[in-house]
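Examination of the molecular architecture
Single-letter residue listing:
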Amino acid sequence: MSHVMNTYARLPVAFVRGQGVWLYDESGKQYLDALAGIAVNTLGYAHPRLVRALTEQIGRVIHTSNLFQMPLQEQAADRIAEITGLDEVFFCNSGLEANEAAIKVARKYGHDRGVAEPAIIVMEKAFHGRSLATLSATGSRKVQAGFEPLVQGFVRVPLNDLEAVRQVAANNKNVVAVFIEPIQGEGGINVSRLDYLRGLKEICEHNDWLFMSDEVQCGLGRTGKWFVYQHAGIQPDVVPLAKGLASGVPVGACVVGNRAKGVFKPGNHGSTFGGNPLAMCGVVTTLDTVKDEGLLENAVKVGDAIRSGLASALGGLAGVTEIRGMGMMIGVELDRPCGEIVKTALARGLVTNVTADNVIRIVPPLVMSEVEGRQVVERLAPIVREFLQQPADATQPARAAAAR
Ligand SMILES: *Cc1c(COP(=O)(O)O)cnc(C)c1O
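Within every chain, residues take consecutive numbers counted from 1 along the sequence as written. Where totals are concerned, whole chains, interfaces and linings use all residues; where local detail is concerned, this predicted model gives features only for residues with pLDDT of at least 70, and gives and counts side-chain atom pairs only at 80 or more. Only hydrogens and water are set aside when side-chain values are computed; all heavy atoms of the structure are taken into account.

**Points about the site of the ligand**
Whether a residue is near a molecule or strand is decided by its heavy atoms; if any one of them lies within 4 Å of it, the residue is near. Taken together, Ser94, Gly95, Leu96, Asn99, Phe127, His128, Glu181, Asp214, Val216, Gln217 and Lys243 make up all the residues around the ligand. Here an oxygen atom of the ligand and a backbone polar atom of Gly95 are 2.8 Å apart. Pairs of N or O atoms are called polar contacts if they sit within 3.5 Å, as long as, within protein, a hydrogen donor faces a hydrogen acceptor (for residues adjacent in sequence, only side-chain-to-side-chain pairs). Contacts to the ligand include Gln217, whose side-chain N or O atom sits 2.7 Å from an oxygen atom. Of the residues belonging to the shell around the ligand, the class tally is three nonpolar, five polar and three charged. Under the grouping applied here, Gly and all other residues not named as nonpolar or charged are polar, the nonpolar ones being Ala, Val, Leu, Ile, Met, Phe, Trp, Tyr, Cys and Pro and the charged ones Asp, Glu, Lys and Arg.

**Description of the packing of helix α12 (residues 340-347) against helix α13 (residues 370-389)**
Axis lines are fitted to C-alpha atoms, over the contacting stretch for helices. Their N-to-C directions set the angle, which ranges from 0 to 180 degrees. Helix numbering and strand numbering both begin at the N terminus, where a helix is a DSSP run of H or I of at least 4 residues and a strand a DSSP run of E of at least 2. Across the interface, α12 lies against α13 with an axial gap of 10 Å and an inter-helix angle of 135 degrees. By the angle between their axes, α12 is oblique relative to α13. In this structure, the crossing between α12 and α13 has a hand that is right-handed. Facing α12, whose interface residues are Glu340, Ile341, Thr344 and Ala345, α13 presents Leu380, Ile383, Val384 and Phe387. For the contact of α12 with α13, the class distribution of residues is six nonpolar, one polar and one charged. Angle categories: roughly parallel below 35 degrees, roughly antiparallel above 145, roughly perpendicular from 65 to 115, and oblique for all the rest. Rotating anticlockwise by less than a right angle from the far helix to the near helix defines a left-handed crossing, while the corresponding clockwise rotation defines a right-handed one. Throughout, a residue-residue contact means that at least one pair of heavy atoms, one from each residue, lies within 4.5 Å.

**Regarding the pattern of salt bridges**
A pair is scored as a salt bridge if a Lys or Arg side-chain nitrogen falls within 4 Å of a carboxyl oxygen belonging to Asp or Glu. A complete count under the given rule lists 17 salt bridges for this structure. One salt bridge in this structure joins Glu186 and Arg361, with 2.7 Å as the shortest N-O distance. Of this pair, Glu186 sits in the loop between β8 (183-184) and β9 (190-191) while Arg361 sits in strand β17 (residues 359-362); the two residues are 175 residues apart in sequence, bridging distant segments of the chain. For Arg324, the salt bridge is made with Glu333, and the minimal N-O distance between the two is 2.8 Å. Like Arg324, the residue Glu333 is buried in the burial classification. Taken together, the salt bridges that share partners define one network made up of Lys201, Glu205, Asp208 and Arg259. Burial status follows relative accessibility: with a 1.4 Å probe on protein chains alone, a residue under 20% of its type maximum counts as buried, one over 50% as exposed, and anything between as partly exposed.

**Some details on the packing of aromatic side chains**
Planes of paired rings set the category: under 30 degrees apart is stacked, over 60 is edge-to-face and the rest tilted, where pairs are Phe, Tyr or Trp rings (Trp by its six-membered ring) whose centres lie within 6.5 Å. Per the counting criterion, the structure on display carries two aromatic pairs. Judged by centre distance (5.0 Å) and plane angle (80 degrees), the ring pair of Phe15 and Tyr31 falls under edge-to-face. Remark: Tyr31 occurs in strand β3 (residues 30-33) and Phe15 occurs in strand β1 (residues 15-19); sequence separation between them is 16 residues. Residue Tyr31 is classed as buried on the basis of its relative accessible area, which comes to 3%. Summarising the aromatic geometry, the rings of Phe227 and Tyr229 are spaced 5.6 Å apart at their centres and angled 0 degrees between planes, so their arrangement reads as stacked. We classify Tyr229 as buried; its relative accessible area is 1%. Only when the NZ of Lys or the CZ of Arg is both within 6 Å of the ring centre and within 35 degrees of the ring normal is a charge said to sit over the ring. Directly above the ring of Tyr24 sits Arg17, whose terminal nitrogen or CZ lies 4.2 Å from the centroid.

**Structural notes on the nonpolar core**
As used in this record, nonpolar core signifies buried Ala, Val, Leu, Ile, Met, Phe, Trp, Tyr and Cys residues forming a set joined through side-chain atoms within 4.5 Å. Ranked by size, the top nonpolar core spans 107 residues in total, and within it Ile80, Met123 and Leu334 carry the most contacts. Residue ranges assigned to each domain were obtained from an automatic or database domain assignment. There are two domains that each give this core at least three residues, and those are domain 1 (15-33 + 294-403) and domain 2 (49-292). Excluding residues that lie within four positions of it along the chain, Met123 makes contacts with Gly139, Arg156, Val157, Pro158, Leu159, Val178, Phe179, Ile180, Gln184, Tyr196 and Leu200. Ranked by size, the runner-up nonpolar core spans 22 residues in total, among them Ala101, Val105, Phe154 and Val263.

**Some words on the sheet that holds β1**
When DSSP finds at least two bridges between two strands, those strands are taken to pair. The four strands are arranged β1-β2-β3-β15 in an open sheet whose pairing can be described as mixed. Two strands lie at the open edges of the sheet, namely β1 and β15 (350-351), each paired on one side alone. Here four bridges tie β1 to strand β2 (residues 22-25), and the two strands are oriented antiparallel to one another. When the sheet's bridge partners are listed, Phe15 is paired in β2 with Asp25.

**Re the side chain of Arg336**
Note on placement: Arg336 falls in the loop between β14 (329-334) and α12. The class for Arg336 is buried, based on a relative accessible area of 9%. Side-chain polar atoms of Arg336 contact the side chain of Asp335, separated by 2.7 Å.

**Overview of the side chain of Ser192**
With respect to the secondary-structure elements, Ser192 resides in the loop between β9 and α8 (194-207). Here the side chain of Ser192 touches Pro182 through a polar contact of 2.8 Å, landing on its backbone oxygen. If we ignore the near neighbours within four places in the chain, the residues touching Ser192 are Leu159, Asn160, Ile180, Glu181, Pro182 and Leu197.

**With respect to the sheet that holds β17**
Reading across the sheet, the four strands line up as β13-β14-β17-β16 and stay open at both edges, with antiparallel pairing between neighbours. One side of each edge strand has no neighbouring strand; the edge strands of this open sheet are β13 (320-326) and β16 (353-355). Between one strand axis and the next, the sheet turns by 25 degrees as a mean value, whatever way the strands run. As paired strands, β13 and β14 are joined by six bridges and run antiparallel to one another. Among the inter-strand pairings, Ile323 is bridged to a residue of β14, identified as Val332.

Here it is as C-alpha cells:
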C-alpha cells in the first residue's frame with residue numbers, strides 16, 4: 001500500500017527522464033509532451049543551459065535565508081520588473097502563495113484607505129489555488145466543498161461581463177480590487193476578451209481599485225507576450241506568477257506596482273524558502289533563455305500551427321464545440337466529458353490533459369518546434385475522432401449511469 005496521501009487519481013505511468021519536449025517511462029517508451037507538467041516546464045526537459053546553471057548553483061549554495069542579502073534574488077526581481085513593467089517582487093514557492101500574497105495586498109490596500117471589510121471581485125470558473133483564501137476566491141464548488149466556512153470578502157461575477165462589475169461597483173462600497181485570470185486554465189481555457197480587460201481596467205481606475213491579473217498559468221510567454229494583460233495594452237497593479245517561472249524549480253512571485261506599490265511594509269509578509277538562491281537561479285536562467293531563444297515568437301508560431309492544425313483536422317466535427325486559446329495555451333472543447341482521451345493519448349505516446357471535464361488542454365513547453373507541434377496534432381486528432389465516433393453511451397459514463 002502506498003503511503004502517499006491519496007489526493008490525486010494518478011495515471012499508471014512514471015516518467016523517469018526527459019529531453020526537450022520528449023518524455024521517457026521506465027520501459028524506455030517515448031512520449032510527446034503537450035502538457036509541460038501543467039504549464040510548468042517552460043524550457044522542456046534537461047535544457048542544457050538550465051541543467052548547467054542549476055548544477056553549478058547547487059554546488060555553491062541552495063538556501064541561506066531572507067535574513068541576509070541575496071544577489072540572485074535582486075537579479076530575478078530586476079528581470080521580473082523589466083518584463084512586467086511593475087516595481088516590487090515578493091518571492092514565494094507556489095501559485096497559491098503568490099495569490100495569497102495578492103489577496104493580502106488587496107486587503108491591506110483597503111485597510112490603508114479606511115475600508116474595514118475590504119472585498120475583492122472574482123470570476124466564475126476561476127482557479128486561484130487550494131489554500132483557504134485562494135479556494136474561497138476560486139469559482140468552483142468542487143474545490144470548495146468540505147472546507148467551509150469559506151474566507152469572506154469575495155464577490156463573484158461572470159467572466160467577460162462588464163455590466164456585472166458595474167453593478168457591483170454601484171452597490172458595494174467595500175470593493176477594493178478585481179482579481180482575474182485573464183485566460184482561465186483549470187476552468188477550461190476561457191479567454192477574456194481584450195476589450196473586456198480594458199473596460200475592467202477603466203472601472204478599476206475610476207474606483208481606485210487594484211487590478212490583479214493571476215498569470216500563474218497563462219503568463220510568462222505562453223501566449224506570445226510575456227503576460228496576457230500586455231495583449232490588452234493595460235497595466236495591472238498586482239500580478240501573481242508561478243508555474244512556468246523557473247521551468248520546474250518550485251517558485252512563486254507576487255509582483256506589484258502602480259497603486260499597490262509600497263503597500264507591504266517590513267513585517268507584513270514572509271516566507272522561509274521564498275526566493276532562495278536555487279529557485280532564483282531557475283528564474284534568472286529561465287527568463288534569460290526565453291528571451292535569448294526567442295520563445296515568445298516561438299509560442300505564437302507553434303501555437304498557431306497547433307491551433308490551425310487542430311481546426312482543420314477537427315473543426316466542424318459533430319461533438320467538437322470549440323477550439324480556442326492564445327499561443328501555446330489551447331483548449332479543445334467537446335460536447336461531453338472526455339477524461340478518457342488522456343489515457344488513450346498516453347497509450348499512443350502523447351501527454352495531454354482534460355480540464356473542466358470536457359476541455360482537452362494543450363500547454364506544451366515553450367521550446368516545442370513547429371514540427372513537434374504538428375506531431376501533437378497528428379497524434380491527437382485521430383484520438384478525438386475515434387472518441388467521438390463511439391456510441392454516446394460509451395463516452396458519457398456519468399450521464400448514462402445517472403439516467404439509469
Ligand atoms: C495552478 C494555478 C494556481 C495554483 O498554483 P499552485 O502552485 O498549484 O499553488 C493558481 N492560479 C492559477 C491560475 C493556476 O493555474
